[in-house]
Amino acid sequence: MNGRERVIRYLEGRPVDRVPVAPVIDGYFAPRVSGRPSHECWRSPELMAQALCDCATTFGHDIVVVSDALGADNTMLGCPVALDESSHVPLYTGHCVDAPADLDRLAPPPFAGSPGEATLLAVKARLGADRFILGVVTTPFETAFIVRGHRFLADLVQDRGFAQETLAACLPLAEARARALVAAGVDGILFKDSVASSSMISPRHYAEFAFPWEKRVIEAVRDEAWTALHICRNAGPIIELMAQTGAHVLEVDAPCDVARALQATPAGVFFKGNVDAVAELQDGAPEDLARRVEELCALARRTRRLIISTGDSTPFDTPLDRLHLFMSTAWRSGALEGPGEGCAS
Amino acid sequence: MSDIYGDIYADLASDIVRGDIAAAVERLQAHGVARLDDGLFLDCIARGMDEVGRRYETGEYFIPEMLASSRVVKALFAAYTAVRPRPPATSGLSAAIGTVKGDVHDIGKEIIVNSLEGLGIHVIDLGTNVDAARFVAAVAGGARLLMISAFTTVTRRYVRVVLDELAAAGLLGRAQVLVGGAAANPEFCAAIGARYFRDARAVVEFVRTTLLGQGACGAARPPRLARIAGRPRPGG
């Protein structure tokens, strides 16, 4: 059973040999393994694809998250980005929405022929047969934050109408991107949001400003691809709403109590997480990391609704032996025999 | 204060708490900046920020509310200084703040800049993705409070670079260095000789109660600032 089969069968509630294991290894960490400077990988679809594939070969994770190379472009979503020799990721250095009139200029960037498409197709050609390929879409809420900066968060209090207008203008960007990824043949789409958690905004603001737009973009493609929703940091207070977006998988960060989240959501909702990528994977003691992975595996064996993962992207400085420990522990502890109590079938 | 000026100060404090920037500026202009008692004005900003901080600590407020309130403070102070000189009692403290090279997170920085300016402190906003030379230049130029933010563990390394550059320039002891951001922690800050702050709220509180309360940079604090600090002055 290869990784792709394992993940799909698990999500379908069918028997698998072990719990899927997929720490978030994306363009932030991948250049560590390929040995090429990060900025070179972000500039080149071929190098980024190589870095992601090298990681998949080295660590053996079941799901490959495909980060887009940027190519020669120095903008993303219409905002300027910085990417130089010292960069580990492209950095937004400005915002492009100052006033309502600026919203008219937001348009979905073409995916066909883009460096992002080239990266995805290269990874898919090499790994698509035996790994679950996950494309990434930024949610309308995070997109609004990117194009307007911290002013968008103040808008939630001081200019609610403009905040909703901004979100409405960002929805087509996310929808277009999601549909393009489906057309390109991804197995799943990760809708990511770095700012909508209860570490940043209130559950009331999440319900009013983030949830409705997440639900719409996920519903647009959920019948055509597996969908996952990632929200950074503490998603505990909003977990039931997240489940109502229709996402097949909720990727939760370390502050979220996964056991409680599993109890609070219907049996058809899966989770992915949630080892702390910094405190436990990168900086923690090896024995503590192993114990944490074992605990998650026990939960996964019992419920069959949890994919073992980090809660967020693996940091660039993570020692390689920590990732090997993560994987070997999960493989050993995640072996399955017989149905679990939460099996969707 | 309400005997002379009505409830202008209480109302402004309420505007800050609600994050209502339009109401606050309109109220200030209707009242007339020239009629303000600058001590009471600064005091109402402090009281508003106190309440916002309390609500943040209790989980009633989140980042958007903090940002909104800090923007009200900034707008009020801008309207004030457009008409009157910066309150002399606080102009002695010059601060600089920036997010280190490789990092563009700026929410906490924005809250700090707005809030400290509302306390009458001159804040040099170095922006994001700031290299060490610019931090050093800020201290060489007179900043006595240097606030450095780093959000990722990779960019956290650069905080040490900034402190090394300050030492190389012979400026390490000239400014108090505060470090925050998601990647910072007490152990890291202790190792590099900086003071750790877990969030923007904690920085603003520290500046108000410790630096202003004890007299910024050794300057004696006038009675007016006792109200800003919200605590009795040590020894009297």
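### Brief notes about the overall build of chain A
Along its length, chain A carries 14 helices and 10 strands. Here the C-alpha atoms of chain A give a radius of gyration of 19 Å, agreeing with the 20 Å that 2.2 N^0.38 yields for 345 residues. The buried share of chain A, reckoned over its 345 residues, is 54%. Considering only contacts in chain A between residues 6 or more positions apart, those separated by 24 or more positions represent 71%.

### Some points on the pairing of strand S9 (residues 270-275) of chain A
All names here are of chain A. Within S9, six of the six residues are buried, which leaves the element mostly enclosed by the surrounding structure. Looking at chain direction, strand S8 (residues 249-252) and S9 are connected through three bridges and run parallel. Each bridged residue has a counterpart across the sheet, and for Glu251 the counterpart in S9 is Lys272. Two strands pair when backbone bridges link them, and S9 and strand S10 (residues 306-310) are joined in this way by five bridges, in the parallel orientation. Pairing of Asn274 across the sheet is with Ser309, part of S10.

### Concerning the sheet that holds strand S4 (residues 176-180) of chain B
All names here are of chain B. As summarised here, the arrangement of the five strands in space is S2-S1-S3-S4-S5, forming an open sheet in which the pairing is parallel. Looking at the sheet topology across the chains shown, the edges are occupied by strand S2 (122-130) and strand S5 (195-196). By the bridge criterion, five bridges tie strand S1 (residues 94-100) to strand S3 (residues 145-149) in an arrangement that is parallel. Considered in S3, the bridge of Ala95 is made with Leu145. Contacting S1, S2 and S3, helix H7 (residues 132-140) runs over the sheet at an angle of about 170° to S2. On top of the sheet, helix H8 (residues 153-168) reaches S1, S3 and S4; it is set at about 140° to S1, its chief contact.

### Overview of the pairing of strand S5 (residues 132-138) of chain A
All names here are of chain A. The element S5 is largely enclosed, with a buried count of seven among its seven residues. A two-sided burial pattern is seen for S5, the buried positions comprising Phe132, Leu134, Val136 and Thr138 on one face and Ile133, Gly135 and Val137 on the other. When strand S1 (residues 63-65) meets S5, the two strands line up parallel, connected through three bridges. Its bridge partner lying in S5, Ile63 is registered against Phe132.

### What to know about the domain arrangement of chain B
All names here are of chain B. Domain assignment breaks chain B into domain 1 (2-85) and domain 2 (94-213). Each of domain 1 and domain 2 was reduced to a C-alpha centroid, and the two centroids are 25 Å apart. Tallying the contact residues gives 15 residues for domain 1 and 13 residues for domain 2. Elements with a contribution of two residues or more to the side of domain 1 that touches domain 2: helix H4 (38-57) and helix H5 (63-83). With nine residues, H5 is the largest single contributor of residues to the side of domain 1 that touches domain 2. When the residues that make up the side of domain 1 that touches domain 2 are grouped by side-chain class, the tally is 11 nonpolar, two polar and two charged.

### Brief notes about the sheet that holds S5 of chain A
All names here are of chain A. Taken in spatial order, the seven strands make up an open sheet running S1-S5-S6-S7-S8-S9-S10, and their pairing is parallel. The open sheet has two edge strands with one neighbour each: S1 and S10. Strand-to-strand twist across the sheet, computed as the mean angle between neighbouring axes with direction ignored, equals 25°. Bridge count for strand S7 (residues 226-231) against S8 is four bridges, and the pairing is parallel. Pairing of Ile231 across the sheet is with Val252, part of S8. Contacts from helix H1 (residues 3-11) reach S1, S5, S7 and S9, with the element oriented near 70° to S5.

### Brief notes about the interface of chain B and chain A
Frequently, the measure chosen for interface size is the accessible area removed from exposure when the parts meet. Taken residue by residue, the interface counts 19 residues in chain B and 22 residues in chain A. Mapped by element, the contributors of at least two residues to the side of chain B that touches chain A are H5, helix H6 (107-118) and H8 of chain B. At six residues, the largest contribution of residues to the side of chain B that touches chain A is made by H5 of chain B. Tallied by class, residues from the side of chain B that touches chain A come to nine nonpolar, five polar and five charged.

### What to know about the environment of Ile121 of chain B
You can see Ile121 of chain B is positioned in the loop between H6 and S2. Between the C-alpha atoms of Ile121 of chain B and Arg144 of chain B, which are 23 residues apart in sequence, the distance is 11 Å.

### So, the nonpolar core
With 190 residues, the main nonpolar core has Leu52 of chain A together with Leu146 of chain B as its most contacted residues. Here this core gathers at least three residues from each of two domains, domain 1 (2-85) and domain 2 (94-213) of chain B. Ignoring any residue separated from it by four or fewer positions in sequence, one finds Leu52 of chain A in contact with Ala30, Val64, Val66 and Val123 of chain A.

### Focus on helix H13 (residues 286-303) of chain A
All names here are of chain A. In this model H13 runs 26 Å from its N-terminal to its C-terminal C-alpha over 18 residues, within 8% of the 26 Å that 1.5 Å per residue would give. Every buried residue belonging to H13 is among Leu289, Val293, Leu296, Cys297, Leu299, Ala300 and Thr303, and all of these are buried. When H13 is viewed along its axis, its buried side chains cluster within an angular range of 160° and face the same direction. Structural note: H13 exposes Glu287 and Asp288 on the side pointing more than 90 degrees away from its buried face. On its buried face, H13 is in contact with helix H11 (258-264), S9, helix H12 (277-282), S10 and helix H14 (320-333).

### Description of the packing of helix H4 (residues 45-59) of chain A against helix H5 (residues 115-127) of chain A
Residue and element names in this part refer to chain A. Packing of H4 against H5 leaves a shortest axis separation of 8 Å and a crossing angle of 35°. For the element pair H4 and H5, the recorded crossing hand is right-handed. Only Pro115, Ala118, Thr119, Ala122, Val123, Arg126 and Leu127 of H5 make contact with H4, whose side of the interface consists of Pro45, Glu46, Met48, Ala49, Leu52, Cys53 and Ala56. Looking at the contact of H4 with H5 residue by residue, the classes come out as 11 nonpolar, one polar and two charged.

### Side note on the environment of Leu323 of chain A
Residues and elements named next belong to chain A. Inspection of the secondary structure puts Leu323 in helix H14. Between the C-alpha atoms of Leu323 and Ala183, which are 140 residues apart in sequence, the distance is 32 Å. Ignoring anything within four residues of it in the chain, the contact list for Leu323 reads Pro23, Phe59, Thr314 and Thr318.

Definitions and limits used
Residues numbered from 1 in each chain as written. Chains lettered and ligands numbered in written order. Predicted model: local features only at pLDDT ≥ 70, side-chain atom pairs only at ≥ 80, totals over all residues. Helix = DSSP H or I, 4+ residues; strand = E, 2+ residues; numbered from the N terminus. Rg over C-alpha atoms; globule rule 2.2 N^0.38 Å. Buried ≥ 20, exposed ≤ 12 C-beta atoms within 10 Å, placed from the backbone. Contact = placed C-beta atoms within 7 Å. Pairing = 2+ DSSP bridges. Axes fitted to C-alpha atoms, helices over the stretch in contact; angles between N-to-C directions. Domains from an automatic or database assignment. Nonpolar A, V, L, I, M, F, W, Y, C, P; charged D, E, K, R; others polar. Core = buried A, V, L, I, M, F, W, Y, C linked by C-beta atoms within 7 Å. Expected span 1.5 Å × (residues − 1). Arc of directions from axis to C-beta. Left-handed = near helix turned anticlockwise from the far one by under 90°.

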